[in-house]
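# Coordinate analysis (summary)
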Amino acid sequence: MLSQPLQSKFTISDGREVIIESGRLARQADGSVTVRQGNCVILATVVANKEPKEGQSFFPLSVDYQEKFASAGRIPGSFFKREARLNDYEILTSRLIDRALRPLFPEDYLCEVQVLVTLISSDPEVMPDALACLAASAALAVSDIPIQEIISEVRVARIEGQYVVNPFRSELAKADFEFIIAATAKNIMMVEGEANECQEEDLIKAIEVAHDAIRVQVKAQEELRALKGITTKREYAKPLHNEELREKVNAFAKEKVYEVAKGALAKHDRSNKFAAIQEELMEYLRKEYIKEEGGSLPEDVKKWAKTYYADLQYYVVRDMILNDKVRLDGRKLDEVRPLNMEVDVLPSPHGAALFTRGETQSLTTVTLGTPLDSTLIESAAISEYSKFFLHYNFPPFSTGEVKMMRGVGRREVGHGNLAMRSLKKMMPGGDFPYTVRVVSDILESNGSSSMATVCAGSLALMDAGVAIPKHVSGVAMGLISKEGQFAVLTDILGDEDHLGDMDFKVTGTRDGICGVQMDIKVDGLSMDVMRKALAQAKEGRLHILDAMYATIPEARNDVKPHAPRMVKLFIDKEFIGAVIGPGGKVIQEIQRETTTTINLEEKNNMGEISIFSANKDGVERAVAWIKGIVAVPQVGDVYEATVKSIMPFGAFVEFLPGKQGLVHISEVSWKRLETLDGLVHEGDIMKVKLIGTDPKSGKFKLSRKILMPKPDGQGQQPRQEQTPPQGNN
């Protein structure tokens, strides 16, 4: 077993041991560790540049989590048979790490940092995403990169009423909620997860349980850092500042910014006025610093001035909200923007809804497919299919911008995942036959577009006739605090998003929480403040739900006429082969001739057949065809039969799919016939009755004449039959 010389250990509450090691692998990285639990081994490395790039104005942190298929003894299924771009699960795990690590770095640290976390050995029962952030933090802890604190991350699930830290994968299937929580020894940093309509106090309890477990993990990292001998962090070049210029910017623009901020303007009007103040500021500074006519400001002064002006906007708006209890658009702190929603807005999709809240708008569609349309979710440990998925699109025009249209970004994957997890809690299970795809296209955005996706998705699902029992809504919240004051904001704007000390999104029904995403940026946030924030979020959620129920109170009784119809049949296991046919010949013929899609699975020792088509007649024909294949003919039953071939002694007919029998020439008519020429043709339809089976061959014997009126005076004795040759069937 791979081991490293420096080790620190801790145990999870039920005695499972986790080992953090360093000193042997990836020694040229600034920091590297492995984290091991059971057979799960994660390698984390971190490297930071010594100097920031020239002109760098933001902190360039990149985090990538990847699972090597070799870790589970598997070969990737792609064409090139190697790991390619990160899949959605890896992106989501990378985001969990990134959001927890980013606040650890000093605000003036601008050197590029790259964190790589790799699963190199997989355990089918250990979920690596709950250990990945621990590994990343430990790699930073044993490096000299200047982080301010050590963190860790755990999953907390409630299983049969018990709160369990980092449950096994098989245990998680029985949980009624699960949250991933990141924290330092003192403060909660991040929460994300889903629940089966849990209460706010349940979430608070889960956070407290997680924090206790995280403190143990932080201590283990501190022990490993001591073993490594890391006592100081590297010095770094701090950005230069001009405090005299900052004072000039504040003196010139503070009142102007405040007047615009409290003007309750629309997004673009407000942005234009702020931009106009910046232009006035630059002209004022040019006159202050440049005396000659036509001179321009030095580049460093321009850069500082823009930075200080942005800082001024940040603090002025925060103070206005805290002191005046007024927001940028004039709303009260707990007020939701005006709502407008409509369903059945597009003629062709199977379900559609337009949801507008203020200047945020989502057009969401629902498509119903067959089980063959399910999507493959693959990681190193698992490979399974999902029949419900949601895609979130954020085109640049939604914010009035011009940008290159490239692949789906990490933000879009993260926002879509939160909406998907929230709506999935209400999706019908069990026998629900459809694969469901929800697509949210954001047409306008001024904050809370992921929550608009949840609301529009719920409306569109009901419009499509998907039997979700309750609506799910969501609201984005913010919190601003300063020197003992705090203000909780309901339904935050885009401009308010970056102002807060905590921003969080809560989704749910009238009965409880379905999804949470929370980022906390301030130290010492009490649980009482968090309780108030969650209570205010519930009020906002319920307000939106009332409007949603007024729009469409329950799911439609049936899918729309142009949506695929579905009929489900159950057959004995022994007939599965007959329905499929040799090489799939029979089932393919049924689908081709009836324009249906048929899915056949063996479940509970029975054959479960789902038949899909937008054409009702096609579904009925496919049902009749399959019933014919599995039917057991009974003597005395009457059938519509098709003539398949004609012999001198009679006609062979197909009276059920795949089942043929002989109508002897004597059973065609009450009249004595010498030949069937001119009377019966291949392809003719005739009604026949099953009168028995041939005692020698077991072939079915059918009669046409027995269903015809008998002519008066016709004798009762039928003509002596000639047994046909055995090979003619």
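Throughout what follows, the structure given in this document is the object of discussion. (Residues numbered from 1 in each chain as written. Predicted model: local features only at pLDDT ≥ 70, side-chain atom pairs only at ≥ 80, totals over all residues. Heavy atoms only, no water.)

## Some thoughts on the overall build of the chain
Summing up its helical and strand segments, the chain has 14 helices and 29 strands in all. Taking 2.2 N^0.38 as the reference for a compact globule, 729 residues should give roughly 27 Å; the C-alpha atoms of the chain span a radius of gyration of 35 Å, well beyond that estimate. Across its three principal axes, the chain shows a C-alpha extent of roughly 125 × 60 × 50 Å. A sequence separation of at least 24 residues applies to 68% of the contacts in the chain between residues at least 6 apart. When the accessible surface of the chain is totalled, it reaches about 34100 Å², and 50% of it is carbon and sulfur. (Helix = DSSP H or I, 4+ residues; strand = E, 2+ residues; numbered from the N terminus. Rg over C-alpha atoms; globule rule 2.2 N^0.38 Å. Contact = heavy atoms within 4.5 Å. Areas by Shrake-Rupley, 256 points an atom, 1.4 Å probe, with all protein chains shown as cover.)

## Here we look at the environment of Leu-281
Note that Leu-281 resides in helix α6 (residues 267–289). You can call Leu-281 buried: its relative accessible area is 0%. C-alpha separation for the pair Leu-281 and Met-527, spaced 246 residues apart in sequence, amounts to 42 Å. Excluding residues that lie within four positions of it along the chain, Leu-281 makes contacts with Val-249, Phe-252, Ala-305 and Tyr-309. (Buried < 20%, exposed > 50% of the residue type's maximum accessible area, 1.4 Å probe, protein only.)

## Some points on unusual backbone geometry
With a phi close to 55°, Asp-344 is a non-glycine residue in the positive phi region. Along the chain, Asp-344 turns up in the loop between β11 (339–343) and β12 (351–357). Accessibility expressed as a relative area gives 43% for Asp-344, which makes it partly exposed. At Asp-491, a residue that is not glycine, the phi angle is positive and equals roughly 60°. In this structure Asp-491 comes out as buried when scored by relative accessible area, which is 0%.

## Some points on the pattern of salt bridges
Applying the stated criterion across every chain, the model contains 51 salt bridges. Of the charged contacts in the structure, one is a salt bridge between Arg-672 and Glu-674, with a shortest N-O distance of 3.4 Å. Given the relative accessible area of 60%, Glu-674 is considered exposed. Each of Asp-129, Arg-155, Glu-178, Glu-194, Arg-421 and Lys-425 takes part in salt bridges that share partners, so that together they form one network. (Salt bridge = Lys/Arg side-chain N within 4 Å of Asp/Glu carboxyl O.)

## Focus on the environment of Val-216
Of note, Val-216 is situated in helix α4 (residues 200–228). With 64 residues separating them in the primary sequence, Val-216 and Ser-152 have C-alpha atoms 9.4 Å apart.

## Thoughts on the sheet that holds strand β19 (residues 485–490)
Spatial strand order, β8-β7-β9-β10-β21-β20-β18-β19: eight strands in an open sheet with antiparallel pairing. With one partner strand each, in any of the chains shown, β8 (162–165) and β19 form the two edges of the open sheet. Across the sheet, the mean angle separating the axes of adjacent strands is 15° when strand polarity is ignored. In terms of strand pairing, strand β18 (residues 473–482) meets β19 through six bridges, oriented antiparallel. When the bridges of β19 are listed, Met-477 appears paired with Thr-490. Running at roughly 155° to β18, helix α9 (residues 449–463) makes contact with β18 and β20 (502–509) of the sheet. Packed on one face of the sheet, helix α11 (residues 527–551) meets β10 (188–198), β18, β19, β20 and β21 (512–520) and runs near 45° to β20. (Pairing = 2+ DSSP bridges. Axes fitted to C-alpha atoms, helices over the stretch in contact; angles between N-to-C directions.)

## With respect to the side chain of Ser-32
With respect to the helices, strands and loops of the structure, Ser-32 is situated in strand β3 (residues 31–37). At 3.3 Å, the side chain of Ser-32 forms a polar contact with the backbone oxygen of Ala-26. Once you skip the residues sitting within four places of it in the chain, Ser-32 turns out to touch Glu-21, Ser-22, Leu-25, Ala-26, Ala-44, Thr-45, Ala-139 and Val-142. (Polar contact = N/O pair within 3.5 Å; in protein donor to acceptor, adjacent residues only side chain to side chain.)

## Points about the nonpolar core
Most often, soluble globular proteins have nonpolar side chains that are buried together. Counting 164 residues, the largest nonpolar core has Phe-105, Phe-179 and Val-436 as its most contacted members. Grouped together as the second largest cluster of nonpolar side chains are 18 residues, Val-586, Ile-587, Val-619 and Ile-629 included. (Core = buried A, V, L, I, M, F, W, Y, C linked by side-chain atoms within 4.5 Å.)

## As for the pairing of strand β26 (residues 650–656)
Across the seven residues of β26, six count as buried, placing the element largely inside the fold. Pairing geometry for strand β25 (residues 638–647) and β26, over five bridges, is antiparallel. In the strand pairing of β26, Ile-646 is matched with Ala-651. Counting the residues in the hairpin turn of β25 and β26 gives two residues. Both β26 and strand β27 (residues 659–664) contribute to a ladder of six bridges, which runs antiparallel. Bridge pairing in β27 links Gly-650 to His-664. Linking β26 back to β27 in an antiparallel pair, the connection comprises two residues, with Gly-658 at a positive phi of about 80°.

## Comments concerning the packing of helix α13 (residues 585–594) against helix α14 (residues 616–630)
Close contact between α13 and α14 brings their axes to 9 Å; oriented N to C, the two are set at 155°. On the basis of the axis angle, α13 is roughly antiparallel to α14. Crossing of α13 over α14 shows right-handed handedness. Here Val-586, Glu-589, Ile-590, Glu-593 and Thr-594 of α13 lie close against α14, whose contacting residues are Gly-618, Arg-621, Ala-622, Trp-625, Ile-626 and Ile-629. Residue composition of the contact of α13 with α14, grouped by class: six nonpolar, two polar and three charged. (Parallel < 35°, antiparallel > 145°, perpendicular 65-115°, else oblique. Left-handed = near helix turned anticlockwise from the far one by under 90°. Nonpolar A, V, L, I, M, F, W, Y, C, P; charged D, E, K, R; others polar.)

## Section: the packing of aromatic side chains
If you walk through the whole model with that rule in mind, you get 15 aromatic pairs. Through successive ring pairs, a cluster of aromatic residues spans Phe-59, Phe-105, Tyr-109 and Tyr-236. Lying over the aromatic face of Tyr-236, Lys-238 brings its terminal NZ or CZ to 4.2 Å of the ring centre. The ring centre of Phe-394 lies 4.1 Å from the NZ or CZ of Arg-411, which sits over that ring. (Phe/Tyr/Trp six-rings, centres within 6.5 Å; stacked < 30°, edge-to-face > 60°. Lys NZ or Arg CZ within 6 Å of the ring centre and 35° of its normal.)

## Section: the pairing of β20
Counting buried residues along β20, eight of its eight residues qualify, which places the element largely inside the surrounding structure. Here β20 shows a buried face lined by Met-502, Phe-504, Val-506 and Gly-508 and a second buried face lined by Asp-503, Lys-505, Thr-507 and Thr-509. In this sheet, β20 lies alongside β18 in antiparallel orientation, the contact comprising seven bridges. Across the sheet, Leu-479 pairs through a bridge with Met-502, a residue of β20. As paired strands, β20 and β21 are joined by eight bridges and run antiparallel to one another. The residue bridging Phe-504 from the neighbouring strand is Met-518, located in β21. If you look at the hairpin formed by β20 and β21, you'll find two residues sitting between the two strands.

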